[in-house]
Amino acid sequence: MTNLGIGLVGYAFMGAAHSQAWRSAPRFFDLPLQPEMTVLCGRNAEALNKAATKLGWNQTETDWRKLLTRDDVQLIDVCTPGDSHAEIAIAALQAGKHVLCEKPLANTVAEAEQMAAAAAEAAANGIRSMVGFTYRRVPAIGLARKLVAEGKLGTIRHVRAQYLQDWIADPEAPLSWRLDKEKAGSGALGDIGAHIVDLTQYITGDLITEVSGQLETFVKERPVAAEHSGLAGTAGVERGPVTVDDAAIFLARFTEGALGVFEATRFATGRKNAIRIEINGSNGSLAFDFEDLNELHFYDATEPAETAGFRRILVTEPVHPYVAAWWPPGHLLGYEHGFTHQVVDLITAIAEGTDPAPSFADGLQVQRVLAAVEDSSASRQWQEIPS
C-alpha cells in the first residue's frame, strides 16, 4: 500500500479533531492509501512539541512553508484561523500538494475565488482539494440527502436551519481570534452559519439564490484573554472590542423555489451545539438535531392519516452511510466520527483520481452566500447570490 504523508498546520481544537481522524481512519476502514502522520506545524515550538506527542505526530515544523518542500508530505491539512487559509492552501496546491482546508474556505469572497481557481488549476494535474464541511459526513445527514434524492419528500417547499451555541453568552467571556474580524472574517455567520448553508444545500441538492439578513453584535467589548484553549479561555484585566457578529438571521430562496429560514448564534443560552435542520416537502418532511446526531425523524405524507406520524430512525444500521465500519446497531457514533469519514472520502478520491466533495468551488459558493447576508444586513435589502 502506498503511503500518503500528512502535514497538519494547526494543533488546537480543529487540529486535535483532524489528528484523531488521521489516526482512526486506517484502523476502521479499508483504505486505498495509508495516511502517515508525518509532521505537525505550529508557531510555538514548546506547545507544538507537546501537541505532537499527545496527538501522535512523528515530527514538527514551526514554519508551514517547509512542508511544501518535504518529499515525505503529499497532503497539507489546514486547521488555522481563516486569515491564513488562502496563503497556505494556494501555496500548497502550487507546490503539488493535496489540500484539506477547514471551513469557511476563506475570510472574503476574493480570497475564496483565488483558492477555487488554484484548486481547478491543480486538479488538471491530479492534485486534489477539499473544504472541511464535516457535518456532511454524519450518517443521519447522509440518509437525509438520500431520502430527498429518492423523491421521498416530493417537491421541497420549506427549509429551516439553526445552529445554536452559547459559549460567549456570558458578556465577560474573554476575546479569542473567533471574535476578531481580521482573523476570522465574520462571527457566528461564518463560523457556524457556514455549516447550515452547506448542509441545507447538500441535503436538498438546491443552491441558495438570494438572501435577506440581519447581523447583530450583542456584546461590543470583552476582556482580553490571559490564556485560551479551544473555545474556552481565562479573562485578563484589559478589554478589547468585538469586531464580528454574535448572531445572524436570514431568509433565503432556493433554486427550485423553496423558502429558507436560517439562524446562527452563540447566544442561545443552554444550547451547546444544536444544529437543527427541518425540511418540508409535498410528500413528507425530515428533521435532524446534532445534539441527537444518531437520529433522523421522517414523516411520510403518503401513509394513511390514521397511522401517519413522524418516524424516529436510529441511523446505526450497517446499511446507513459509513456505519458498517464501526459498531453493532444501536452503538452510537459521536462528533469525532464525521472527521474520520471526511478523511476516508478524501483518501478514496485521491486514490481514484476523482475530485472530492465538498470542493473549493463549493466553499466559494458558501462564501458568496455569507457575503450576501452581510451585504443585506448593511443595506437592508435582498441580495442575489452570483452564480
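Structural notes, computed from the coordinates. (Residues numbered from 1 in each chain as written. Predicted model: local features only at pLDDT ≥ 70, side-chain atom pairs only at ≥ 80, totals over all residues. Heavy atoms only, no water.)

1. Examining the packing of aromatic side chains
Here is the rule we go by: Whether two aromatic rings pair depends on their centres lying within 6.5 Å, for rings of Phe, Tyr and Trp, where Trp uses its six-membered ring; planes under 30 degrees apart make the pair stacked, over 60 edge-to-face, and the rest tilted. Where helices and strands are cited, they refer to DSSP runs of H or I of at least four residues and of E of at least two residues respectively, numbered from the N terminus. Relative accessibility thresholds used throughout: buried, under 20% of the residue-type maximum; exposed, over 50%; partly exposed, between the two (1.4 Å probe, protein chains only).
For the coordinates displayed, the defined rule picks out 14 aromatic pairs. Look at Tyr299 and Phe310: their rings are 5.4 Å apart centre to centre, the planes differ by 45°, and that puts the pair in the tilted class. You can see Tyr299 sitting in strand S15 (residues 295-300) and its partner Phe310 sitting in the loop between S15 and strand S16 (311-314), a full eleven residues away along the chain. When the centroid spacing of 6.1 Å and the interplanar angle of 50° are considered together, the rings of Trp326 and Trp327 count as tilted. Classification of Trp326 by relative accessible area gives buried; the value is 10%. For Trp327, a relative accessible area of 39% corresponds to the partly exposed category.

2. Quick look at the pattern of salt bridges
Note the threshold: For salt bridges, the criterion is a side-chain nitrogen of Lys or Arg within 4 Å of an Asp or Glu carboxyl oxygen.
One pass over the structure, following the stated rule, counts 25 salt bridges. Here Arg65 and Glu87 are joined by a salt bridge, their closest N and O atoms 3.2 Å apart. Here Arg65, found in the loop between strand S3 (59-61) and strand S4 (75-78), pairs with Glu87, found in helix H3 (residues 85-94); they are 22 residues apart in sequence, far enough to count as distant. Residue classification places Arg65 among the partly exposed residues on the basis of a relative accessible area of 43%. In this structure, Lys272 engages Asp166 in a salt bridge whose closest nitrogen and oxygen atoms are separated by 2.9 Å. On the criterion of sequence distance, the pair formed by Lys272 in the loop between strand S12 (259-265) and strand S13 (274-281) and Asp166 in the loop between strand S7 (156-164) and helix H6 (181-184) is long-range, its members being 106 residues apart. Judged by its relative accessible area of 55%, Lys272 is exposed. A relative accessible area of 14% places Asp166 in the buried class. A cluster of three or more residues bridged by salt bridges with shared partners is formed by Lys103, Arg178, Asp191 and Arg266.

3. A closer look at the side chain of Thr80
Counted only if it meets this: By the criterion applied in these results, polar contacts are pairs of N or O atoms within 3.5 Å in which, for protein atoms, one can donate a hydrogen and the other can accept it, and in which residues neighboring in sequence qualify only through two side-chain atoms. We call two residues contacting when some pair of their heavy atoms lies within 4.5 Å.
On the secondary structure map, Thr80 appears in the loop between S4 and H3. Given a relative accessible area of 15%, Thr80 falls into the buried group. Looking at Thr80, its side chain comes within polar contact range of the side chain of Ser84, at 2.7 Å. Residues contacting Thr80, with those up to four places away along its chain left out, are Val9, His85 and Ile88.

4. Topic: the environment of Arg311
Tracing the backbone through its elements, the reader meets Arg311 in strand S16. Judged by its relative accessible area of 38%, Arg311 falls in the partly exposed class. In sequence terms Arg311 and Tyr299 are twelve residues apart; their C-alpha atoms lie 6.1 Å from each other. Excluding residues that lie within four positions of it along the chain, Arg311 makes contacts with Leu296, His297, Phe298 and Glu303.

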